[in-house]
Amino acid sequence: MSAARRIQVHVLRHNPRDPASEPRLQSYEVEEAAGMTLFLALTEIRERRDPSLAFDFVCRAGICGSCAMLVNGRPRLACNTLTKDLPADITLLPLPGFELIADLSVDTGRWMRALSERLQAWLHARETEVDAARIEEPMDPDLADRIYELDRCIECGCCVAACGTAQMRADFVGAVGLNKIARFSLDPRDARGDGDFYELVGDDDGVFGCMTLLACHDVCPKQLPLQNQIAFLRRRMARAGG
Amino acid sequence: MKIVYSDVLVIGGGLAGLRVAIGVRRRGLDAIVLSLVPPKRSHSAAAQGGMQASLGNAIKGAGDNEDVHFEDTVRGSDWGADQRVVRMFVETAPKAVRELAAWGVPWTRVRRGDREVIINGQRVTITERDEAHGLLAQRDFGGTRKWRTCYVSDGTGHAMLYAVGDQAIAQGVPVHERKEALSLIHEGGRCCGAVVRDLVTGELIGYLARATVVATGGAGRLYRVTTNAVICEGIGAALALETGIATLGNMEAVQFHPTGIFPAGILVTEGCRGDGGLLRDATGHRFMPDYEPEKKELASRDVVSRRMAEHIRGGLGAQSRFGPHLWLDITLLGRAHIDRNLREVKEICQSFLGIDPAEQWIPVHPAQHYTMGGIRTRHTGESTTLRGLFAAGEAACWDLHGFNRLGGNSVAETVVAGTIVGEFVADFCESGVGDIDLPTALVRDAVAVQRAALDALLASRGTESADAIRVEMQQAMTDGVGIFRDAAGLESAVGRLEALLLRSRSIAVRERADGPNPELVTAYRVQRMLKVALAMACGALARLESRGAHFREDFPRRDDANWLKRTLATWRNAADTLPTLDYEPIDVDAMELPPGWRGYGARDYRDHPDTARRTAEVQALRDRMQAGDRREVQAALMPYRELLPARLQASNDRLEAPA
Amino acid sequence: MSSSARFDSASAPGMAGRSSPWPARLDLLQSGTGLLLALFMWVHMLFVSSILLGNDAMWVVARFFEGYFIVGRRVPALVALTVATVAALFIGHAALALRKFPSDYHAFRTFRSHMKGFRHEDTSLWYWQVVSGFALFFLASLHLGTMLTRPGRIGPFESGDRVWSDVMWPVYLVMLFAVELHGGVGLYRLALKWGWFAGPDPNVTRRRLRAVKWTLTVFFVVLGLATLAAYVRVGIGHADHYGVPYTPSWIEVPAP
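How each quantity is defined
Residues numbered from 1 in each chain as written. Chains lettered and ligands numbered in written order. Predicted model: local features only at pLDDT ≥ 70, side-chain atom pairs only at ≥ 80, totals over all residues. Heavy atoms only, no water. Contact = heavy atoms within 4.5 Å. Buried area = accessible area lost by both parts, 1.4 Å probe. Salt bridge = Lys/Arg side-chain N within 4 Å of Asp/Glu carboxyl O. Polar contact = N/O pair within 3.5 Å; in protein donor to acceptor, adjacent residues only side chain to side chain. Nonpolar A, V, L, I, M, F, W, Y, C, P; charged D, E, K, R; others polar. Helix = DSSP H or I, 4+ residues; strand = E, 2+ residues; numbered from the N terminus. Expected span 1.5 Å × (residues − 1). Buried < 20%, exposed > 50% of the residue type's maximum accessible area, 1.4 Å probe, protein only. Arc of directions from axis to C-beta. Pairing = 2+ DSSP bridges. Domains from an automatic or database assignment. Core = buried A, V, L, I, M, F, W, Y, C linked by side-chain atoms within 4.5 Å. Phe/Tyr/Trp six-rings, centres within 6.5 Å; stacked < 30°, edge-to-face > 60°. Lys NZ or Arg CZ within 6 Å of the ring centre and 35° of its normal. Disulfide = S-S within 2.5 Å.

S.K.: So what exactly am I meant to see when it comes to the interface of chain C and chain A here?
M.R.: Size of an interface, as often reported, equals the accessible area lost when the parts are brought together. Tallying the contact residues gives 48 residues for chain C and 52 residues for chain A. Both sides of the chain C and chain A interface together cover about 4000 Å² of buried area, and 56% of this is carbon and sulfur. Applying the counting rule to chain C against chain A returns 4 salt bridges. C:Arg206 serves as the salt-bridge partner of A:Asp218, at 2.3 Å between the closest nitrogen and oxygen. Here chain C and chain A share 15 residue pairs in polar contact (both at pLDDT 80 or more) between them. Broken down by class, the residue content of the side of chain C that touches chain A amounts to 22 nonpolar, 14 polar and 12 charged.

Written as structure tokens, this is what we have:
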């Protein structure tokens, strides 16, 4: 067996709250292990080399969406990225478009909450009261699967970081926002109609701001069908508004 | 010093915490949720396979009801559970799952007509009923007699967390993200908030509340290999322990999930086996029927994990550079099924193992998964010893799970306990006992204590590394407090942990800035985690029997005569190096289902002296009321319904079971 | 009643019907004008390339658009009318597209660094769309202006003179690439934007559309280069007779 590869991990270091801190790239050499992910590499760096290195991991299984970052320029989840799939030089930058907390840690949580509030991204039930002791309303099994397909978004922020439009226009809702609207508009339990959704995304910060660069679709770690969904939403919103 | 006031402070932004907050908000009270991470990133999202609720829509679930769910859960718990709490839970679970359906969870639905499923390795055609078409579907899970697990493909926790998280936003529940509670503020046996550290700025803030709810999840990170997220460090339990008043129940009851992927420990759902997946050894042999002819791969998790570990010990594990493991074979389920119902599993296999589970077997090994123990509470969720402190979900020992939790019961517990405890918290706040009269000096003192502790760490000239201690702690727990336990191993673990606790008082951090300082966080957390680890190890060492997930090789029998009781751990003084253990008896005479054989696993156990009498009593009553309604029989055996909040007492409707 | 298990749910705010319909309309207009212009560009190229079939062919095409074969005489105003229509579409499209341009230098720089770090084809293509659109703003305006003021000077020799003797070939060369890139990418993006030709697998759809786009672009660029070369050849050969229009041999030369 050949000797383990040594990889160079270049990490952006910066604490915006510290006036003395200047953004800089710091390099760490790591010996690659079998099955090593960026989660394992960064944890090793922190435990053995640099305890001050800030980054966010929670589930480390590609489920929670905490650890999105730019890996050699591409937004992706660090936890399920295997180092063997990357060149020996790996540059890690914090996800752009979100407030930097420190190093690789960004505040996606507040951004996503503000988005949800702005888009009223929750199910607006038809009845204000549900009698939960009664048998539930039936739903077409295929429709339930289709809703789940869009419900799989983990709000990791990769689509926002990959989106040229979002990078230029801070108020653009991004694929994450458009997908949420598509998800609720598909759901017969939601009382809102296209007119209501038009109120939320029928402008240039919403679906008409999308310039179809489709990087969102290409980087989505959950492989959500964003290309089709945004087109679908655009058609419906064009009808609702025009 | 900043003080934040609210009616209710919820520590933890997962499913249980959010559901409590929504509940009290709807009662017109203010609730603030503290969360280490954005709430939708909580570990609840990692629950894959589903949530148990006895709806009985799927044909293989027909005939299911609260009684069957109750018995399965009690048997699963190895009679460690509080049976009244189990009753409250099984009664509320169908309501909770239906409420979630109304909140938008895209539950997988029943499709009418024939479909092929794999049962016991055989392809079988089952026919779903017309009248069930479009209702919530159920899949099979371990330790259950009916298909009861409601699911959303294999992203159930994610879909639930998003629906509940969205409702919290809709209700305007404020979530204070990246905030960590360092201690509970209490005086005169009354908890009234927490000292909280802002993980971004390092600022300490006093949070004052009439009721404080701990919903911080489990403690998997006390172990080296766990399915748990990196934030599941048992800090909620530690907060309670450090009050010196609140107790932790059954901390030695730690569940190991049979199918963590090897070696990373990432979970693949029990749904794999529920849907027909098989466990195989190095030779490809399906070994579980040899050990467990009744339930095979679908015995309860403690039993399956133990059998797997036993099989590996017997030299039959597949060898790899990381050590021996076994195989989970889901290839027989077919690609279409995997793509629709096990897609997270598929993604995990592709990302982390580089394999296609429709073609190849998955390397698995039992991994720490769940903490049955936690903050000991009454059925209301309130601590039995510290007023105003509540706990819900995995952080609590409510005690729904006893010594072993059934798959699908934890994600159900989060929302069920969240719903029930939320009501009791609101009742508490609305009643006179909910009032607090607190001098701010108390908050100032509590903050000062934490400030001093942090400053001491930042200024320490000690020589110990927080990360090194953490790794050693995880190793000690893995070596001594694992699936198989014995006196020697446990004594060694206790000794190692106690030494580590002493060493942890000399931790120095290299990075001396406050603010976003991960090393400082590790340092103060590991000091707390060690206390929880000691509560587990000491509880395990003291319990001279085997029950559920707690298996003593030197005491392999369940011993109801001596050990039908709950372990209670407290940490009396800050200077102590070991917890104080106490016991709470479980009353056989109050049981609806007296102790017996679980229906799987060992048949060899020692009865409690009251068991025979109670069993006869129960049987006599059942015989007498043979013609009666099952609810009346139940009420005569063990009344519980009035314990539930009034709005949860209604009987659940379900489809008629086919004759 | 105490025993009912009722839960509240967030209810729908009745809020439909306040937003302006204009964002939707403008978006449709931008797509619509773009579609028409791109289709026009292809048809235009096919007609212009008639020179490859010979001077007579090109002459027939040019006269056709002047209504020569219908009313029996040349009506260059008809050409001017077409040019005016295209110009209107062009100005409209430019104005609408301008909304999507980077709003200031900072936004432009952000996009460029994003694009460079990311190296994502559809993102980079948008940048080239913006650059080519910006170029067309001047080049196409120039060309449209010429056509609008001198609609009668279209023919093998007239056009050849313009290309060679008036030294317009560099303009046309750049414009050829700009317009094919801009229009090709524009149509491709339009199909994705509105979900035309969308199959069950979006990645397959996109791969196919991309293949079609590049095929068409290459085809029209090659055709355009050949056509431009033909006009250059005609222009060089006709340089000594600059200004003399072409007349097919089979037409009776009208009295001067």
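S.K.: Explain the interface of chain B and chain A here, please?
M.R.: Of the residues lining the interface, 79 residues belong to chain B; the matching set on chain A comes to 71 residues. Viewed at the interface, chain A and chain B are joined by 11 salt bridges. When the shortest N-O distance is used, the salt bridge between A:Asp142 and B:Arg111 registers 3.1 Å. Taken together, the connections running from chain B to chain A amount to 34 residue pairs in polar contact (both at pLDDT 80 or more). Of all the secondary structure elements, the ones that give two or more residues to the side of chain B that touches chain A are α3 (83-103), α4 (156-170), β8 (175-177), α10 (343-353), α13 (466-480) and α15 (518-542) of chain B. Ranked by residue count, the leading element in the side of chain B that touches chain A is α4(B), at 8 residues. Residues of the side of chain B that touches chain A, tallied by class, amount to 38 nonpolar, 18 polar and 23 charged.

S.K.: I'm lost on helix α14 (residues 487-503) of chain B in this one. Help?
M.R.: Residues spaced three or four apart along an α-helix point in a common direction, a consequence of the helix completing one turn every 3.6 residues. All names here are of chain B. Over its 17 residues, α14 extends 24 Å from the first C-alpha to the last, a length consistent with the 24 Å expected when each residue adds 1.5 Å. Residues of α14 that are buried include every one of Leu 490, Ala 493, Val 494, Leu 497, Leu 500 and Leu 501, and no others. One side of α14 carries all its buried residues, which in axial view fall inside an arc of 130°. The exposed residues of α14 that point more than 90 degrees off its buried face are Ala 488 and Glu 491.

S.K.: Help me understand the sheet that holds strand β3 (residues 51-52) of chain B, please; the structure alone is not making it clear to me.
M.R.: In sheet architecture, strand pairing relies on hydrogen bonds along the backbone and comes in two forms, parallel and antiparallel. Read from one edge to the other, the open sheet built from 3 strands follows the order β3-β7-β6 (chain B), with strand pairing classed as antiparallel. Edge positions in the open sheet fall to β3 and β6 (138-139) of chain B, since each of these has one partner strand only.

S.K.: Is there a simple way to think about the domain arrangement of chain A in this case?
M.R.: Residue and element names in this part refer to chain A. When its domains are assigned, chain A resolves into domain 1 (6-106) and domain 2 (120-241). Contact with domain 1, which involves 13 residues of that partner, is made by 13 residues of domain 2. Inspection of the region where domain 1 meets domain 2 yields 0 salt bridges. Ranked by residues supplied to the side of domain 1 that touches domain 2, first place goes to strand β4 (residues 74-77) with 4 residues. Here the residues of the side of domain 1 that touches domain 2 are counted per class, giving 8 nonpolar, 3 polar and 2 charged.

S.K.: What's the story with the pattern of salt bridges in this structure? I'm lost.
M.R.: Any two side chains of opposite charge can pair, given that their charged atoms come close. Applying the stated rule across the entire model yields 107 salt bridges over all chains. Salt bridges here are not isolated pairs; linked through shared partners, they connect B:Asp78, B:Glu252, B:Asp302, B:Arg306, B:Arg543, B:Glu545, B:Arg547, B:Arg558, B:Asp560 and B:Arg598.

S.K.: For this particular structure, what's the right way to read unusual backbone geometry?
M.R.: If a residue is not glycine, its phi is most likely negative; likewise, a peptide bond is most likely trans. The amide bond that connects B:Phe262 to the next residue, B:Pro263, takes the cis arrangement and shows omega of 5°. Of note, A:Gln120 is a non-glycine position whose phi angle comes to about 45°, a positive value. Its place among the elements puts A:Gln120 in the loop between α2 (108-119) and β8 (129-131). One non-glycine residue with positive phi stands out, namely A:Leu214, at about 65°. When you line up the elements, A:Leu214 lands in the loop between α7 (194-201) and α8 (215-219).

S.K.: Can you help me understand the nonpolar core in this one?
M.R.: The nonpolar side chains of a soluble globular protein tend to be buried with one another. In terms of nonpolar packing, the biggest core is built from 196 residues, with A:Leu42, A:Leu92, B:Met51 and B:Trp107 touching the most fellow members. Ranked by the residues each element gives to this core, the list is headed by helix α11 (residues 409-430) of chain B, at 12 residues. Composition of this core by domain shows at least three residues from each of domain 1 (6-106) and domain 2 (120-241) of chain A. Discounting residues that sit within four places of it in the chain, B:Trp107 has contacts with A:Ala144, B:Met51, B:Val97, B:Leu100, B:Ala101, B:Leu136, B:Cys150, B:Tyr151, B:Val152, B:Thr156 and B:Met160.

S.K.: What exactly am I supposed to notice about the packing of aromatic side chains here?
M.R.: Two measures describe an aromatic ring pair: the distance that separates the ring centres and the angle between the ring planes. For the structure shown, the criterion picks out 24 aromatic pairs over all chains. Look at B:Phe287 and B:Tyr291: their rings are 6.3 Å apart centre to centre, the planes differ by 80°, and that puts the pair in the edge-to-face class. By relative accessible area, B:Phe287 is classed as buried at 0%. Here the aromatic rings of C:Trp59 and C:Tyr68 are separated by 5.7 Å at their centres, their planes lie at 75°, and the arrangement is edge-to-face. When its relative accessible area of 5% is taken as the criterion, C:Trp59 is described as buried. Exposure remark for C:Tyr68: the relative accessible area of 22% places this residue in the partly exposed category. An aromatic cluster is built from C:Trp59, C:Tyr68, C:Phe69 and C:Trp250, whose rings are joined through pairwise contacts. Over the aromatic face of B:Phe70 sits the side chain of B:Arg87, whose NZ or CZ is 4.5 Å from the ring centroid.

S.K.: Can you walk me through the environment of C:Glu158 in this structure?
M.R.: Residue and element names in this part refer to chain C. Relative to the assigned elements, Glu 158 resides in helix α7 (residues 156-164). The exposure class assigned to Glu 158 is buried, which follows from its relative accessible area of 3%. Residues Glu 158 and His 238 lie 80 residues apart in sequence; the distance between their C-alpha atoms is 9.3 Å. What Glu 158 contacts, discounting residues up to four positions off in sequence, is Arg 153, Pro 245 and Tyr 246.

S.K.: Sorry if this is basic, but what is going on with the state of the cysteines here?
M.R.: Working definition of a disulfide: a covalent bond connecting the sulfur atoms of two cysteines. All names here are of chain B. Counted according to the given criterion, the structure contains 0 disulfides over all chains. The cysteine Cys 150 is free of any disulfide, with Cys 272 supplying the nearest cysteine sulfur at 18 Å. Residue classification places Cys 150 among the buried residues on the basis of a relative accessible area of 0%.

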